[in-house]
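# Residue-level structure breakdown
So you can see what is in the structure, the chains are spelled out below.
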Amino acid sequence: MEKALLAAEAVDEKEVVDLLKALVRLPSHYPGPGEAGVVAFLEGYLRERGLNPFRQEAAPGRPNLVADLGEGEGGLILEGHTDVVTPGEEVLWTHPPYGAVVEGGRLYGRGACDMKGGLAALIGALLAVKRAFGGLKRPLRLAALADEEGMMLGVKAFVRAGFAGGFRGALVAEPEGMEVCLWQKGALRLRLRFPGRMAHGAMPYAGDNPIPKAARFVLGLQELERRLQEAYNHPYLGLPHLTPTRVLASAGEDQLNVIPAQAEVALDVRTVPGVDHGALVAEVQALARVGVEVLEDRPPVETPGDDPLVQAAEEALKLLGLPVRHGGVPGATDGTFLRAWAGLPVVVLGPGQKTLPHQVDEWVDLGEVVLAARVYAALAVLFLE
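Structure report, in brief. Note that the structure is a prediction, hence the values are computed from the model and not measured.

Turning next to the layout of surface pockets. Here the largest pocket is characterised by a volume of approximately 500 Å³. Considering the residues around the largest pocket, the lining is formed by 19 residues, among which Asp-114, Glu-149, Gly-331, Ala-332 and His-358 are closest to the centre. Space inside the second largest pocket adds up to approximately 170 Å³. Together, Arg-189, Leu-190, Arg-191, Thr-245, Arg-246, Ala-266, Leu-267, Asp-268 and Leu-295 line the second largest pocket. Those elements giving two or more residues to the lining of the second largest pocket turn out to be strand S9 (186–195), strand S11 (241–248) and strand S13 (262–271).

The next point concerns the sheet that holds strand S4 (residues 101–103). Strands sit in the order S4-S5-S18 across an open sheet of 3 strands; the sheet is antiparallel. Edge positions in the open sheet fall to S4 and strand S18 (363–365), since each of these has one partner strand only. Put simply, the sheet's adjacent strands are angled 25° from each other on average, direction ignored. Strands strand S5 (106–108) and S18 of the sheet are contacted by helix H4 (residues 112–133), whose axis makes an angle of about 40° with S18. Along the sheet face, helix H10 (residues 366–384) touches S4, S5 and S18 and points at about 60° away from the line of S18.

This part takes up the side chain of Glu-43. Examined against the element boundaries, Glu-43 turns out to sit in helix H3 (residues 36–48). A residue is classified by how much of its surface remains accessible, and Glu-43, at 17% relative accessible area, is buried. Among residues more than four places away in sequence, those in contact with Glu-43 are Pro-53, Arg-55 and Leu-65.

So, about the environment of Pro-210. In this fold, Pro-210 is placed in the loop between strand S10 (199–200) and helix H6 (211–231). You can call Pro-210 buried: its relative accessible area is 0%. As a C-alpha pair, Pro-210 and Gly-196 span 14 residues in sequence and 4.7 Å in three-dimensional space. What Pro-210 contacts, discounting residues up to four positions off in sequence, is Phe-194, Pro-195, Gly-196, Ile-259, Pro-260, Ala-261, Gln-262 and Ala-263.

Turning next to the pairing of S9. S9 sits mainly inside the fold: 7 of its 10 residues count as buried. Alignment of S9 against S13, held across 10 bridges, turns out to be antiparallel. Its bridge partner lying in S13, Arg-191 is registered against Ala-266. One ladder, built from 6 bridges, connects S9 with strand S14 (residues 292–298); its direction is antiparallel. From the neighbouring strand, Ala-187 faces S14, where its bridge partner is Arg-298.

So, on to the sheet that holds S14. Spatial ordering of the open sheet is given by S11-S13-S9-S14, a layout of 4 strands whose pairing is antiparallel. In this open sheet, the two edge strands, each paired with only one partner strand, are S11 and S14. Put simply, the sheet's adjacent strands are angled 15° from each other on average, direction ignored. As paired elements, S11 and S13 share 7 bridges and run antiparallel to each other. Looking at S13, one finds that Leu-242 is bridged to Val-269.

As a further point, take H10. For H10, built from 19 residues, the straight-helix expectation of 27 Å at 1.5 Å per residue is met to within 8% by its first-to-last C-alpha distance of 27 Å. Most of H10 sits out of view: 14 of its 19 residues are buried. Among the residues of H10, the N-terminal cap falls to Asp-365, whose side-chain oxygen and the backbone nitrogen of Gly-367 are separated by 3.0 Å.

The next thing to look at is the packing of aromatic side chains. This structure, assessed with the given rule, holds 6 aromatic pairs. Plain terms: the ring middles of Phe-54 and Phe-163 are 5.5 Å apart, the flat faces sit at 65° to each other, and that makes the pair edge-to-face. Of the two residues, Phe-54 is situated in strand S1 (residues 54–59) and Phe-163 in the loop between helix H5 (153–160) and strand S7 (167–172); the sequence distance between them amounts to 109 residues. For Phe-54, a relative accessible area of 27% gives the class partly exposed. Pairing Trp-183 with Tyr-236 gives two aromatic rings, centres 4.3 Å apart and planes at 5°, and the pair type is stacked. Note that Trp-183 is positioned in strand S8 (residues 180–184) and Tyr-236 in the loop between H6 and S11, a separation of 53 residues in sequence.

What counts, and at which threshold
Per chain, residues are indexed from 1 in the order of the written sequence. In view of the model being predicted, local features appear only for residues whose pLDDT reaches at least 70, and side-chain atom pairs are presented and counted only at 80 or more, with totals across whole chains, interfaces and linings using the full set of residues. Computation of side-chain values covers all heavy atoms of the structure but excludes hydrogens and water. Grid points spaced at 1 Å and placed over the protein atoms alone form the basis of the search, with a cavity being a set where a 1.4 Å probe fits but cannot get out and a pocket an open set showing protein on both sides within 12 Å along at least five of seven lines. Lining residues have an atom within 4 Å of a point. Grid points are joined across faces, edges and corners, and a volume is the space filled by probe spheres set on the points. The helix and strand labels rest on DSSP assignments: H or I over at least four residues marks a helix, E over at least two residues marks a strand, and numbering proceeds from the N terminus. What makes two strands pair is DSSP finding at least two bridges between them. Angles run from 0 to 180 degrees between N-to-C directions of axes, and those axes are lines fitted to C-alpha atoms, restricted for helices to the stretch in contact. Contacts: residue pairs with any heavy atoms within 4.5 Å of one another. Categorising residues by exposure relies on relative accessible area from a 1.4 Å probe, with only protein chains included: less than 20% of the type maximum marks a residue as buried, more than 50% marks it as exposed, and the intermediate range marks it as partly exposed. Here the expected length of a helix is defined as 1.5 Å per residue gap, with one fewer gap than residues. Any pair of nitrogen or oxygen atoms within 3.5 Å is treated as a polar contact; in protein, a donor-acceptor pairing is required on top of that, and neighbouring residues in sequence qualify only through side-chain atoms on both sides. Between the rings of Phe, Tyr and Trp (Trp by its six-membered ring), a pair exists once the centres lie within 6.5 Å; its type follows the angle of the planes, with under 30 degrees stacked, over 60 edge-to-face, and the other angles tilted.

Structure, rendered in C-alpha cells:
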C-alpha cells in the first residue's frame, strides 16, 4: 500500500501536462498524416528518459510503438492509441484543433480526450514507477498503437505478433470518466448490395429499381432492432443497435433521370454479451434477401469483477480518495481484441467525458489527466508487486 502511494506521488504533474500538449499539437488523423509523427516524437521522448522503445509496422507507414520497463512474465500492458479522428471543419472550432489551448483547467484540441489525455497519463505513470523504484517485480509494457479509430490494425498486429503473450492483464486508458469499465459492446460492420437494372427514369418499367428494395430493408431493420432490444438490455452497456450509416445508389453524378444498377446499404451494428453475431447476420440476410458482407466482427467482451486487475484498479482509486464506479464502454476499443484474441483480463479506465470524443471543441480536464496518471501508477504497483 505504501509503495503504491509512493508511485502515485512520483507522478510529475508538469511532465504529464507538457507531454499532453505536445501530443495534441501533432496531428495524427488518418487519412492524413497518420500516427508516424506522434510515434517518432514518443520514441525520442522515451529514449531520453532511459527506456528502449521499438516500433512495429501495423500497416505501411502506420507504426505501433512498444516500450518495456522490466522483464519477465506476468506483467501489465498499458495501452493507448495514437491516432485521432479528423477535426472536420476547423472554422467550427472555438480554439484551433491542434493548438492545445488551455483555458479554465481544460486543454482543448482534437484527440485531447480521445485519447491523448489517457496516453499521456499512461506514460506519466510508467515514468513515475521508473523514477520511484527503477522497476517492479514484473514488467510494464507500454503499447501505443495505431488505427484504433479505423479497423484496429494496430492491436490486431500487436496480438498476432505475440506482444501480448506472457502478460496477466491490460489497462486501456480510453475516456470513460474514470469509471472501471469491465464490459465492452460488440460491433459488426456490414455491407449489403441490392441489385437492379439500369433504365431511363421516364420508363421505370424497362428496368429494375434497387432503391425501393434498399428502402424496404432499412425500414424493416426497425422491427428487427425492436425484437433484439426486447431480448437484450445490459445493465452497463444498455441496448443493442442496428444503425444504417450509409445508403448509396447512383448512376453517376447529376444523372437524375437514370435508374441505378445497384443500391448499397452499410450498417453499424452494436451488440451486448449474449447476442450471437452469426445468428444476427443470418437474420439481417433473411430480411434483406441479398448477401451480407461482414467487413468487421468485434465480439462483446467482459472481464470478471473478481479478477486481480479489477481489484487493483478499485484499490488504487480508493487509495487516492476517489469513488469506485463501474461502467461499460459504449463502443469497442483495442481492449476488445486484447480480451477476445489474447485472452487478457482488460480494464478500461481513463480520463475524459464519454460523450466528448469526435466532437468539435473536444477537451479534457488537466487535473483529471494527472489524477489518472497517479491512479495508473498505484494500480501498477498493486497488481505487479
